[in-house]
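# Breakdown of the fold
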Amino acid sequence: MVCVTKMTETNFFIDSSAWLGYLLGNLPETKAVIESHENTLFTSILTIHEAYKRLKKIGKEPSKAIIFIEENSIIINITKATAIRAAENCEKHSLHTIDSLIYTSAEETNATFITADNDFDKLPNTKILRERLK
Amino acid sequence: METSTIQVEKPTKDLLNELKHTFGSKTYDEVIQTLVKRKTESGFGKFAKKKISVKEMMDGLRDKDDRN
């Protein structure tokens, strides 16, 4: 288990939707969080899978995008302990499997969870990014 | 802030010393923090083929058929 004990507001766990919003340029709010030199970013290994798959379909250069994510954040693997805690969180927060695995990883790094997915609405330490409509 | 001791190999310590000088850091802790927080050039919007909405982006991103 990754244990980041230094609880600061500058630790952010970036969900797949937030990474895609940044890489595709449709969520400008992500820019400040992702590009700040004050922030430590974390990304789930599952996001590597989701971002690659989605960019292959709707974006471009998925391999380069994955390298970008790796160079700008710390990749968090799924451990047995995380998998079990995520199962508990599925029930506790009524989350889907992947949602729960990623959210539980964010909890374990003591980071603020950044997402554009409304299914995480009202979860502790979570910031939902919304598209600004013109 | 509470501190703790970590072991690194000699070449790593030499590298940290070098980076301490390069970054103008006062401590090894500062060097490590700088390395962890280091960012590349902006990648904002660089992987888009065309402009799409967030809704379009989210469609099919994650399989959500297994809610409890």
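Residues numbered from 1 in each chain as written. Chains lettered and ligands numbered in written order. Predicted model: local features only at pLDDT ≥ 70, side-chain atom pairs only at ≥ 80, totals over all residues.

## As for the overall build of chain B
To keep things clear, this is the line we draw: Only DSSP runs of H or I reaching four residues or more are called helices, and only runs of E reaching two or more are called strands; each is numbered from the N terminus. Restricting the calculation to C-alpha atoms gives the radius of gyration, and the globule rule supplies 2.2 Å times the number of residues raised to the power 0.38. With C-beta atoms placed from the backbone, a residue counts as buried when 20 or more other C-beta atoms lie within 10 Å of its own, as exposed when 12 or fewer do, and as partly exposed for counts between those limits.
From N to C terminus, chain B includes three helices and zero strands. For a compact globule of 68 residues, the expected C-alpha radius of gyration is about 11 Å, and chain B comes in at 21 Å, more than 25% above that figure. Projecting the C-alpha coordinates of chain B onto the three principal axes gives extents of approximately 50 × 35 × 25 Å. Per-residue burial for chain B yields a buried fraction of 7% across its 68 residues.

## Here we look at the interface of chain B and chain A
We count it as follows: Any residue pair is listed as a contact if its two C-beta atoms, each placed from the backbone, are within 7 Å. Only Asp, Glu, Lys and Arg are considered charged in this grouping, and only Ala, Val, Leu, Ile, Met, Phe, Trp, Tyr, Cys and Pro are considered nonpolar; every other residue, Gly among them, is considered polar.
Across the contact, 25 residues belong to chain B and 37 residues belong to chain A. Secondary structure elements with two or more residues in the side of chain B that touches chain A: helix H2 (28-37) and helix H3 (54-58) of chain B. Across the side of chain B that touches chain A, the residue classes break down as nine nonpolar, six polar and ten charged.

## Focus: the packing of helix H1 (residues 16-23) of chain A against helix H3 (residues 45-58) of chain A
Residues and elements named next belong to chain A. We apply this condition: Inter-axis angles, ranging from 0 to 180 degrees, are taken between N-to-C directions of lines fitted to C-alpha atoms, where helices are fitted over the stretch in contact. Should an angle lie under 35 degrees it is considered roughly parallel, over 145 roughly antiparallel, and from 65 to 115 roughly perpendicular; all remaining angles are considered oblique. Definitions for this section: a left-handed crossing has its near helix turned counterclockwise from the far helix by less than a right angle. A right-handed crossing has that turn clockwise.
Packing of H1 against H3 leaves a shortest axis separation of 9 Å and a crossing angle of 40°. Classed by the angle they form, the pair H1 and H3 counts as oblique. Both H1 and H3 take part in a crossing whose hand is right-handed. Packed against H1, whose contacting residues are Ser16, Trp19, Leu20 and Leu23, the element H3 presents Thr47, Glu50, Ala51, Arg54 and Leu55 at the interface. Among the residues forming the contact of H1 with H3, the class breakdown is five nonpolar, two polar and two charged.

## Considerations on the packing of helix H1 (residues 10-23) of chain B against H2 of chain B
Residues and elements named next belong to chain B. As a packed pair, H1 and H2 sit with axes 9 Å apart at the nearest point and diverge in direction by 80°. Classified by the interaxial angle, the pair formed by H1 and H2 is roughly perpendicular. The residues of H2 that touch H1, namely those facing Leu16, Leu19, Lys20 and Phe23, are Tyr28, Val31 and Thr34. Taken together, the residues of the contact of H1 with H2 break down into five nonpolar, one polar and one charged.

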